[in-house]
Amino acid sequence: MTVSNVNKVVLAYSGGLDTSAIIPWLKENYDCEVVAFAADVGQGDEELDGLEQKALRSGASECHIVDLKEAFVSEYIYPTVMTGAVYEGQYLLGTSMARPIIAKAQVEIARKVGADALCHGCTGKGNDQVRFEGAFSALAPDLKVIAPWREWDMVSREDLLAYLAERQIPTTASATKIYSRDANAWHISHEGGELEDPWCEPTEQVWTMTVSAEQAPDKPERIQLGFEQGRLITVNGEALSPYQALVKLNQLAAAHGVGRLDIVENRLVGMKSRGCYETPGGYVIMAAYKALEHLVLSKDSLKFREQIALEFSHLVYDGRWFTPLKDAILDAAQSFARDITGEVVVKLYKGQATVVQRRSVNSLYSEDFATFGADDVYDQRHAEGFIRLYSLSSRIKALKSQQKG
């Protein structure tokens with residue numbers, strides 16, 4: 001199969017088996033130049049070492065590695081935290097949040113090198129194909145999108161390994177890959193292997209970032225987080241950049257087994273999938289942020305924030321970042337976040353991150369009003385009239401029923 005009218009393609013390249021095979025496949029089937037692009041979103045230096053040389057050996061003409069770590073945390077993670085978004089009540093959206101910034105950078109590289117097409121290695125079963133192509137549609141509708149897994153006739157790792165061997169392209173991959181993993185500064189995800197059976201408990205070899213609760217220290221550790229207008233600015237009194245603060249919290253929380261999650265989730269394409277996630281720093285940040293919200297926001301404000309959290313979790317998961325709805329929800333969340341300033345102490349112990357102290361200059365909590373002791377600011381007799389008006393519709397309905405009876 002040879003397809004014309006494509007001259008230069010920018011491929012989202014990871015150096016794994018799939019994208020290593022995609023480079024020669026594109027050249028053979030599209031007769032085009034292939035430019036490799038890799039995003040550093042905090043997945044670790046070990047995944048980026050030697051990546052450029054590997055891409056060139058596979059047939060790429062260039063390889064661009066773009067450092068997106070700080071932008072990822074400050075422009076995608078922190079705004080999402082402000083919305084309170086948690087997909088299906090559990091998943092902290094680690095993979096989902098990374099895709100739009102990667103796709104945006106890929107489009108920017110395509111413009112820079114004069115490419116007329118974009119390519120990704122996502123399968124036809126997953127969410128990521130929608131996330132990438134949704135972003136491409138919003139940012140570069142003029143560029144052709146190539147998705148090899150929806151075109152080629154290879155169906156297994158063995159097929160891909162044979163394809164590379166025939167072309168004498170080196171790879172460190174083998175036929176036995178137990179798990180599929182995706183890592184960035186926020187989390188690492190695990191799928192495949194024994195996880196494909198929901199009845200099978202994950203073995204310890206699944207987890208790579210955190211210790212088990214059983215292996216965690218017997219002594220708890222307390223850490224203090226400082227927020228200013230919804231953004232984390234200090235950890236234990238030390239001023240840190242958004243990315244460095246997350247790195248610090250990942251290290252501290254992982255050592256106590258915080259942040260493990262084993263769920264069956266609903267993919268956008270209609271099927272259910274089972275995944276294990278490790279998000280140690282993220283669990284701490286979310287717990288601390290919510291503690292400040294409960295201290296600062298009124299009942300109605302918090303209720304509305306909870307509503308937009310649900311909507312935003314699906315928006316991010318479903319790959320709709322570059323939409324007017326995203327902008328509208330973030331505007332609402334950031335209006336609340338302006339008052340989220342203060343300090344929170346979180347206790348790390350045996351897999352749990354528990355808020356034990358919180359304070360804010362914007363706190364609506366008043367000990368004078370909330371005390372169970374004597375006070376001179378709250379007249380309890382006023383509650384009677386409030387309750388009568390608050391329950392007036394119920395009272396009228398009951399009276400009507402009595403009259404009918």
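That block above? That's the structure.
Residues numbered from 1 in each chain as written. Predicted model: local features only at pLDDT ≥ 70, side-chain atom pairs only at ≥ 80, totals over all residues. Heavy atoms only, no water.

### Points about the side chain of T279
Reasoning step 1: Looking at where T279 falls in the secondary structure, it is placed in the loop between strand 12 (272-278) and helix 9 (280-296).
Reasoning step 2: If near-sequence neighbours (up to four positions away) are discounted, T279 is found in contact with L92, W186, H187 and G259. (Helix = DSSP H or I, 4+ residues; strand = E, 2+ residues; numbered from the N terminus. Contact = heavy atoms within 4.5 Å.)

### Topic: the packing of helix 4 (residues 69-83) against helix 8 (residues 242-254)
Reasoning step 1: At a minimum axis separation of 7 Å, helix 4 and helix 8 run at an interaxial angle of 85 degrees. As judged from the angle between their axes, helix 4 and helix 8 are roughly perpendicular. Each of K69, E70, V73, S74, I77 and Y78 in helix 4 lies in contact with helix 8, whose residues at this interface are P242, Y243, Q244, A245 and L246.
Reasoning step 2: When its residues are assigned to classes, the contact of helix 4 with helix 8 shows seven nonpolar, two polar and two charged. (Axes fitted to C-alpha atoms, helices over the stretch in contact; angles between N-to-C directions. Parallel < 35°, antiparallel > 145°, perpendicular 65-115°, else oblique. Nonpolar A, V, L, I, M, F, W, Y, C, P; charged D, E, K, R; others polar.)

### A look at the pairing of strand 6 (residues 180-183)
Reasoning step 1: Across four bridges, the pairing between strand 6 and strand 7 (residues 188-191) is antiparallel. By the bridge assignment for strand 7, S180 is matched with E191.
Reasoning step 2: Counting the residues in the hairpin turn of strand 6 and strand 7 gives four residues. (Pairing = 2+ DSSP bridges.)

### Points about a nonpolar patch on the surface
Reasoning step 1: Taken together, V130, L268, V269 and M271 make up a surface patch of nonpolar side chains, about 260 Å² in accessible area.
Reasoning step 2: Structurally, the position occupied by L268 is in the loop between strand 11 (260-266) and strand 12. (Patch = residues over 30% accessible without salt bridge, like charges linked within 9 Å, V, L, I, M, F, W, Y side chains within 5 Å. Areas by Shrake-Rupley, 256 points an atom, 1.4 Å probe, with all protein chains shown as cover. Salt bridge = Lys/Arg side-chain N within 4 Å of Asp/Glu carboxyl O.)

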